[in-house]
Every structure is written in structure tokens, then in C-alpha cells.
Amino acid sequence: MKRVFIGVGALAVIVVGWLIFDNAAQTGRLGEERGAGTIFGEAVPAATVLARQQAETQAGPVGASKQVLFGDLHVHTTYSTDAFLWSLPLNMGKGVHPIADACDYARYCSALDFWSITDHAEASTPTRWQRAKDTIRQCQARAEDQSNPDMVSFIGFEWTQVGYLPEEHFGHKNVIFLDLEDERVSERPIAAAGITSTALRANNAGMPGIMTLLDFENRQDYWDFSTFLREVREVPWCDADTPSDELPSDCFEVAADPGELVSRLESQGLDPLIIPHGSTWGMYTPPGTTWGKQLNPKLRPEKFPLIEIYSGHGNTEEYRDFEIGEIAADGLDGVCPPASDTYTPNCVRAGEIINERCLEAGDDEQTCTARAAEARKVAAAMGPAYHMIIGGEQPEDWLDSGQCTDCFLPAFSYRPHSSVQAGLATSFFGEDDSDGGDDPIRFNWGFIASSDNHRGRPGAGYKEIARRLTTEAAGASSPAWRKRLIRDNTPNDAYIHPRSPQELIENASLALAEVERMSGFWLTGGLAAVHSEGRSREEIWDALQRRETFATSGPRMLLWFDRLSANGEKAPMGATVDASDAGSFRVRAVGSYKQKPGCPEFAVDALGEDRIADLCSGECYNPSDERNLIERIEVVRIRPQSSSDEAIGDLIDDPFLVHQCPANQEGCDFEFTDPDFAPGARDALYYVRAIQEPRPTINAEPIKCERDENGKCIKATICFGDYRSGDSDCTTMKDVRAWSSPIYLSYAAPIEPTKEGPDTDELSPDMMDTPADGILNDSIQNDGDALR
């Protein structure tokens with residue numbers, strides 16, 4: 001009996017000890033708050049920067065005086081929850097990617113001219129924000145001459161908003177500040193109210209103790225992750241009724257919509273760049289989301305002069321007329337549109353899966369048809385969480401449903417009605433469509449691209465290497481870990497398992513997104529390019545504000561796009577022009593340099609071989625003297641709505657023109673006009689895409705389909721982020737692109753000349769060069785105003 005008591009007592013001690021340990025592990029009591037790291041590299045040698053600058057300038061049009069500079073304004077480190085989670089060893093990660101690594105990577109691996117940190121505000125704490133600011137200052141201080149630095153580093157954060165219904169959804173915005181001083185940046189990052197803040201602050205328990213024991217060698221990483229989550233939860237909420245400038249520095253501040261975000265920043269006396277991104281990402285964007293509501297003046301659309309058209313999450317440029325489905329407020333009664341030749345809605349595929357399972361189970365055709373109809377309706381109603389209604393579903397089951405099959409490197413589960421082209425074609429005429437009339441509100445965006453890299457690697461697209469570091473590819477390191485991470489308690493049967501909207505919101509997590517199928521869509525990302533008067537912080541900022549910007553899908557292509565009026569006056573990309581005729585447009589594109597293997601000697605000298613191998617994967621931006629070829633230039637014309645009943649698709653001409661380029665390393669030049677502009681007597685905008693010869697590209701074919709005789713996908717192969725794809729970089733040959741910012745023409749009716757003709761000496765500056773036909777010269781505006 002004594003042995004029994006001893007055994008029971010020992011068991012009780014073990015159980016209690018385990019409960020204490022498990023609680024300590026999950027609540028973050030065993031871990032430590034991660035620091036921001038240590039910067040290793042000094043400034044890039046001035047001679048190297050000068051040589052790089054001269055090469056880009058010499059490739060430009062005759063008379064071009066501005067420098068072309070390249071940067072990345074969308075970068076995450078393990079100060080972002082998703083970045084930390086994906087970096088864990090159980091997800092085949094390296095464990096830590098601090099801000100200091102991002103500084104060294106931008107300076108020496110990708111050789112950028114400028115970059116910004118944009119960790120999620122929803123995961124920030126006062127300590128992390130202070131460390132982020134301090135590290136960016138240290139990164140900037142490496143440059144000896146701040147008027148002509150080797151690299152400019154900006155402070156920023158991401159406002160990561162998600163709404164369950166289209167009318168509640170405003171999407172993600174990066175907030176970038178000009179200055180580095182505490183008093184000239186936000187007192188605290190401002191998070192998005194709603195689902196994302198709830199997910200990060202209320203629903204994220206730490207790693208269970210058993211998971212740390214299963215990978216005991218890396219236990220500190222898991223304990224630190226639990227501590228990371230605890231630190232977020234322990235920051236008290238700010239008082240919602242107190243103005244931002246009166247709040248204490250140590251609280252968690254939120255904004256419900258873009259208008260409130262702007263007003264909270266303005267109350268602190270701040271006027272940052274706010275850059276929307278990811279508008280077509282179906283991983284969180286509800287079906288039915290459009291740009292119209294964000295043009296409401298209450299939401300301050302004039303504060304968004306730029307948009308990120310491309311990133312490591314894919315391209316968001318292109319409009320298509322396919323319908324995705326209609327989400328329902330009750331989560332049960334959606335509308336599922338039929339499939340077309342080029343697009344299969346996810347809800348349609350949900351019905352097919354249920355029908356196949358039902359027939360395999362031996363049920364009659366009538367029963368299976370009814371179940372499939374119900375599956376389509378409920379899947380449509382659940383928006384991005386449609387896949388959760390089917391128990392035991394696998395990524396391959398969904399084939400290529402939900403995907404834009406004819407878009408260039410599209411974002412996952414594409415939302416065309418919230419694409420960049422759709423936004424540019426949309427006009428706001430007032431909340432009841434009655435006011436606005438002759439002066440509708442529209443977006444006047446400039447285009448940039450960035451990486452959205454979550455491994456602290458800005459500008460990762462210079463070479464297509466190291467997929468799990470230069471893209472978001474991640475996943476379980478073994479079948480056992482996958483089973484633990486992908487928990488699905490719904491039975492693998494021929495029935496649907498609906499979830500209510502409240503249940504989804506209360507349990508919001510990455511499980512809502514198809515993270516495994518999505519892994520085949522992660523890209524190395526793009527670059528933001530500016531035509532700048534110089535290399536200083538202020539000059540780069542001014543170019544961004546002017547929208548004299550272009551985007552590339554990774555390599556450093558060069559692009560110039562100007563409009564010439566009848567008298568030869570030039571308006572660059574990003575400009576808004578009052579015009580009575582189209583004028584002529586001039587394009588020049590030059591291919592990026594082909595890359596040599598390895599890293600330049602100065603980079604190895606600065607970081608050392610070990611850090612080059614660890615941080616840069618042994619490969620840096622390392623240009624040869626040979627350039628890639630530009631294959632063609634495509635012109636896109638959009639004529640924004642002049643009334644609310646005009647269909648968006650009828651207003652987008654893509655392409656409007658195509659120019660095939662000769663095989664010439666010196667570049668490609670092209671001029672065009674639009675003879676329909678003046679007769680059409682309506683506003684229009686034009687931008688160009690320069691298409692460069694293909695290169696091996698990671699995840700360029702995200703879903704490899706076996707197709708039947710009608711072209712329908714019947715079997716899918718995905719490049720997973722987990723152990724199933726091994727060390728493959730999953731590359732496919734794909735062309736490279738650069739997008740100019742649009743030139744916006746506001747139609748102005750010609751003014752008839754007087755009999756004597758105008759007296760040139762008495763004309764205002766905007767009227768100085770009146771064409772011979774008497775039409776007043778165009779008035780060029782390029783002052784950063786985001787609306788017309």
C-alpha cells in the first residue's frame with residue numbers, strides 16, 4: 001500500500017509539475033523578449049555608389065538629369081507575429097530575423113538606395129517600437145554624408161486591417177515617416193481595430209509545452225515566441241475617446257478605418273506617406289470588395305498618393321470581369337456564380353468536392369446534387385474561410401479554383417474588383433451618387449513595388465535563390481509537425497460543416513487562410529524606383545510625393561515615361577495635366593544588368609564570408625556589364641467613370657498599344673499618342689509596362705495543372721513551403737516587368753482665340769506657350785495631390 005501511495009504521489013507531482021511547466025511555456029514565462037540585433041556593415045564605399053549612379057544615369061534619355069534610385073518600402077522582421085511564427089524551426093525557419101539584419105541585407109546583399117521597416121502595428125509594444133526606431137537611426141548613421149548617403153533608411157509600420165464583410169474591409173496600409181526624430185514620428189504604431197488586433201491580442205496562446213519538448217534543441221525559440229505574444233497582450237488598450245497626441249506612450253492604439261488612421265496621425269502633427277497594398281489578396285479580402293467606399297472623403301483618400309502594385313505576395317494590377325461570389329452577413333446564404341472557361345470560383349469547386357465525395361459514398365445523384373448546391377451557397381457565404389466547411393480537405397483538392405489563370409504572377413485567390421486597374425477606373429460621385437457630378441473624386445496613384453519580405457531581407461528579388469528566405473515559403477519540417485500544426489477536427493465526409501461569422505472572428509488565425517496552397521504563390525518581390533534630384537532623404541521623399549516613381553518585379557530595370565505638349569513642355573510619370581489634346585507620350589526602357597555569381601569584393605570585406613553566407617545566402621546584387629533585353633512595351637489606357645452606372649471593365653484598355661522592341665542592350669524607345677482623347681472629351685490616364693526577357697523565377701507557376709481535353713484542371717501539383725518540396729526553389733521561366741506611374745489627363749475644352757490672338761506677354765505662366773491653333777497650353781500639376 002505504501003508503494004501505491006508513493007506512486008500516486010509521484011504521479012501527482014509529475015502532473016502538477018507538467019501543468020506548471022506547460023502553463024509557463026504557453027504564457028511566455030520561460031522566454032525572453034528578442035532584441036533588434038547588431039548592425040555589422042559600415043557605409044558602402046563612395047566610389048561604388050558613384051559608379052552605380054553613373055551607370056543608371058548614362059542609360060537615360062538625352063537630357064535626363066534625375067537619378068534613378070531603387071528601394072523597398074515594405075519589410076518585416078521577427079517583430080511581426082507572422083514573421084516570427086514562420087521563422088520557427090518547426091516551420092523550417094532559422095529562428096530570428098532582427099531589424100539589424102534587414103539593414104545589413106539592404107546595404108550589402110540587395111544593394112538598395114533606400115528602404116523602410118514596416119512591422120505590423122498589431123504586434124508592436126513600446127519596447128519594440130523604441131528599438132525599431134533606434135536601430136533605423138543606427139543604420140542611417142553609417143553614412144558619413146547625410147546629404148549624399150549610400151542608403152536612406154525610413155521608419156514605418158503597417159496598419160493591417162481586415163473586415164469580415166466587404167463594407168467593413170479597407171485592407172493593409174504602410175505608414176512611412178520622413179524624419180527619424182522621436183517627435184517627428186508617431187508616438188506609437190497605430191493598429192487596425194477589428195479582426196487582426198483581436199487575433200494577435202486575444203486569440204494567440206503561446207506554444208504548448210509539448211511542442212517545445214518535441215524540438216528540445218530549439219526550445220528557446222518557442223519559449224521566446226510565447227513571450228513575444230505575451231508582451232503584446234500585456235500592453236493596455238488606449239482610451240478610444242482620447243486624441244492621439246494626448247495618449248500615453250505605453251498603450252495600444254487602434255484606428256477603425258483609413259480616415260481615423262489619418263486623423264490620429266494628424267493630431268500628432270504628422271503627415272506621413274500612407275501606401276495601400278495587397279488589395280487583391282484573397283487570403284483575407286472578402287468577395288465583393290471594391291474601391292468605391294475608400295474614395296469617400298470621410299476616409300481621406302487624398303492621403304494615399306502611392307499604391308504598391310506588386311510584391312512578394314503577387315501582382316495586384318490587373319482587372320478581370322470574373323465574379324467570385326457574394327459573402328453573406330449570416331455566413332450561411334451566399335451567392336455562388338458559375339465557372340467560366342478561364343475561372344472557377346472556389347465555391348463552385350466546393351460543390352464539386354462534396355458531389356464527388358457523396359457519389360463515392362454511394363448516395364444517389366439527386367441527394368448529391370442537393371448537397372453540392374448547399375456547399376456552393378455556404379462556401380460563397382464564408383468568404384476567405386470557404387475551405388473550412390469541408391473536413392479533411394487537402395490543398396490539391398481545390399485544383400486552380402479561385403485563381404486568375406491569365407494574370408501575370410497574380411496574388412493568391414485573386415480579387416479583381418479591388419485591383420489597381422479597378423481602383424483607377426472608379427469614381428466617387430457622393431454617397432447617394434447625386435453629388436460630385438462634374439468633379440468626381442478619384443485616386444491619382446503613383447506605382448511602387450516592394451518585397452513584403454518577412455525574413456528581414458529587403459529587395460530580395462535581385463536573384464531567384466533561397467526560396468525559404470527570399471519568399472514567405474514556410475511549413476512543417478516533418479509529417480509529424482504538419483499533423484500537429486494543421487489541426488482539423490471536422491470529419492472527412494460528404495457533408496459540409498458551416499462556421500458562423502462570430503465563430504470565425506473569435507477564432508481568427510492563419511487557419512482562416514489556405515496557407516499550404518498559398519505557399520506556391522510566394523515570390524521574391526519587387527522594387528520601388530524613383531526619379532530623384534539626388535540621394536538625400538528629402539530628395540527621395542519629394543520624388544515619392546510627386547509620384548515620379550515606377551515599380552519593377554525585382555530586377556533593376558530602368559524606365560522613363562513622359563508626355564510632351566504641342567510646344568514641347570514635358571510632364572513626367574505621376575503628373576496630372578489639364579489638357580484639350582492627348583499630346584505625345586515618350587517611353588524609354590532599359591533592361592537590368594545580368595548578374596554575376598557571388599558577391600562583390602566590397603560586400604565580403606564589409607560583412608565577412610560567414611555573414612555573407614548566412615544573411616545573403618552567398619549571393620548579392622553583383623551586376624555584370626551586360627544588360628537583359630526589353631522585349632516589348634505595353635501601354636494601358638483607363639478612362640475613369642464619368643457616371644456611376646458605367647461598367648469598370650468597359651473603361652480599361654489593356655493593352656491599348658503594344659510596341660515590339662528590337663534586340664538591343666541599349667534599350668527600347670517608343671512614342672505614341674491617343675487620337676481618341678480630344679474627340680472623347682473625357683479624362684484619361686496612361687501608364688506603360690516594359691517587359692524584359694524571361695528568367696528562372698521562384699513560384700512562377702504556382703499551381704501546375706494536368707488538364708483535360710477542354711483545358712479544365714483535373715489534377716494539381718503545388719510547390720509547398722514545407723518538407724514535401726525539399727530544397728527545391730520551384731523555378732519556372734517567366735518574364736520580368738516594370739510599371740510606370742500613370743500620367744493623368746484631365747480633359748479641358750479648348751478656348752477659342754480672339755480675332756487679334758492672345759498677347760503672349762500678358763498670359764499667365766500656365767498659358768505661356770499657346771499652340772498655333774489657339775488652344776491654351778496644358779496646365780501641368782505634379783505636386784503630390786492624390787485627387788483630382
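These figures come from a predicted structure and were not determined experimentally.

Rules behind the numbers
- Residues numbered from 1 in each chain as written.
- Predicted model: local features only at pLDDT ≥ 70, side-chain atom pairs only at ≥ 80, totals over all residues.
- Heavy atoms only, no water.
- Helix = DSSP H or I, 4+ residues; strand = E, 2+ residues; numbered from the N terminus.
- Rg over C-alpha atoms; globule rule 2.2 N^0.38 Å.
- Buried < 20%, exposed > 50% of the residue type's maximum accessible area, 1.4 Å probe, protein only.
- Contact = heavy atoms within 4.5 Å.
- Lys, Arg positive; Asp, Glu negative; His and termini not counted.
- Charge placed at Lys NZ, Arg CZ, Asp CG, Glu CD.
- Pairing = 2+ DSSP bridges.
- Axes fitted to C-alpha atoms, helices over the stretch in contact; angles between N-to-C directions.
- Disulfide = S-S within 2.5 Å.
- Phe/Tyr/Trp six-rings, centres within 6.5 Å; stacked < 30°, edge-to-face > 60°.
- Lys NZ or Arg CZ within 6 Å of the ring centre and 35° of its normal.
- Patch = residues over 30% accessible without salt bridge, like charges linked within 9 Å, V, L, I, M, F, W, Y side chains within 5 Å.
- Areas by Shrake-Rupley, 256 points an atom, 1.4 Å probe, with all protein chains shown as cover.
- Salt bridge = Lys/Arg side-chain N within 4 Å of Asp/Glu carboxyl O.
- Parallel < 35°, antiparallel > 145°, perpendicular 65-115°, else oblique.
- Left-handed = near helix turned anticlockwise from the far one by under 90°.
- Nonpolar A, V, L, I, M, F, W, Y, C, P; charged D, E, K, R; others polar.
- Expected span 1.5 Å × (residues − 1).

Scanning the protein chain from N- to C-terminus turns up 20 helices and 27 strands. Here the C-alpha radius of gyration of the protein chain, 27 Å, is about what a compact globule of 788 residues would show, namely 28 Å. Classification of the 788 residues of the protein chain by burial places 59% in the buried group. Of the contacts made within the protein chain by residues no fewer than 6 positions apart, 80% connect residues no fewer than 24 positions apart. Looking at the protein chain, you have 72 positive and 127 negative side-chain charges, and the mean spots of the two groups are 7 Å apart.

Taken in spatial order, the four strands line up as E14-E13-E16-E21 in an open sheet, and their pairing is antiparallel. Because the sheet does not close on itself, it has two edges, and the strands there are strand E14 (570-572) and strand E21 (668-672). Taking the axes of each pair of neighbouring strands and ignoring which way they run, one obtains an average angle of 20 degrees across the sheet.

With that settled, the discussion passes to the state of the cysteines. In this structure the tally under the stated criterion is 10 disulfides. In this model Cys103 forms its disulfide with Cys139; the gap between the sulfur atoms is 2.1 Å. Measuring handedness by torsion sign, the sulfur bridge of Cys103 and Cys139 sits at about 90 degrees and is right-handed. Taken together, the residues span a long stretch of sequence, with Cys103 in helix H4 (residues 99-109) and Cys139 in helix H5 (residues 126-141) at a distance of 36 residues. By the burial criterion, Cys103 is buried, and Cys139 matches it. In this model Cys238 forms its disulfide with Cys251; the gap between the sulfur atoms is 1.9 Å.

A few words on the packing of aromatic side chains. Applying the stated criterion to the full structure yields 31 aromatic pairs. Taking the centre distance of 6.1 Å and the plane angle of 40 degrees together, the rings of Phe154 and Trp541 count as tilted. A residue pair is termed long-range when its members are at least 10 positions apart, and Phe154 in strand E3 (residues 152-160) and Trp541 in helix H17 (residues 537-546) qualify at 387 residues. There is no split in this pair, since Phe154 and Trp541 are both buried. Ring-pair connections join several aromatic residues into one group, and the members of that group are Phe561, Phe585, Phe656, Phe670, Phe672 and Tyr686. Note that Lys173 overlies the ring of Phe304, its terminal NZ or CZ placed 5.3 Å from the centroid.

Quick look at a nonpolar patch on the surface now. Taken together, the side chains of Leu11, Val15, Trp18, Leu19, Ile210, Leu213, Leu214 and Phe216 make up a nonpolar region of the molecular surface, amounting to roughly 710 Å² of accessible area. Of all the secondary-structure elements, those providing two or more residues to the nonpolar patch are helix H1 (2-26) and helix H7 (209-214). Relative to the assigned elements, Leu213 resides in helix H7.

It is the contact of H4 with H5, at a shortest axis distance of 9 Å, that shows an interaxial angle of 25 degrees. The angle between H4 and H5 places the two elements in the roughly parallel class. The chirality of how H4 crosses H5 is right-handed. In this structure, H4 contributes Ile99, Ala100, Cys103 and Arg107 to the contact, and H5 contributes Ala132, Thr135, Ile136 and Cys139. Grouping the amino acids of the contact of H4 with H5 by side-chain chemistry returns six nonpolar, one polar and one charged.

Bringing the pattern of salt bridges into the picture now. By the definition in use, this model includes 55 salt bridges. Residue Arg264 is joined to Glu253 by a salt bridge in which the shortest nitrogen-to-oxygen separation is 2.8 Å. A residue pair is termed long-range when its members are at least 10 positions apart, and Arg264 in helix H9 (residues 258-267) and Glu253 in strand E6 (residues 253-255) qualify at 11 residues. Residues Arg264 and Glu253 agree in their burial class; the two are buried. Where Arg349 meets Glu352, a salt bridge forms, and the shortest distance between an N and an O atom there is 3.0 Å. Of this pair, Arg349 and Glu352 both sit in helix H10 (residues 346-360), three residues apart, which is roughly one turn of that helix. Judged by its relative accessible area of 22%, Glu352 is partly exposed. Salt bridges linked by common partners bring Glu266, Asp271, Arg300, Glu302 and Lys303 together as one network.

The terminal C-alpha atoms of helix H8 (residues 219-233), which comprises 15 residues, lie 22 Å apart, in line with the 21 Å expected from a rise of 1.5 Å per residue. Counting buried residues along H8, 11 of its 15 residues qualify, which places the element largely inside the surrounding structure. All of the buried residues along H8 are Asp221, Tyr222, Trp223, Asp224, Phe225, Ser226, Thr227, Phe228, Leu229, Arg230 and Val232.

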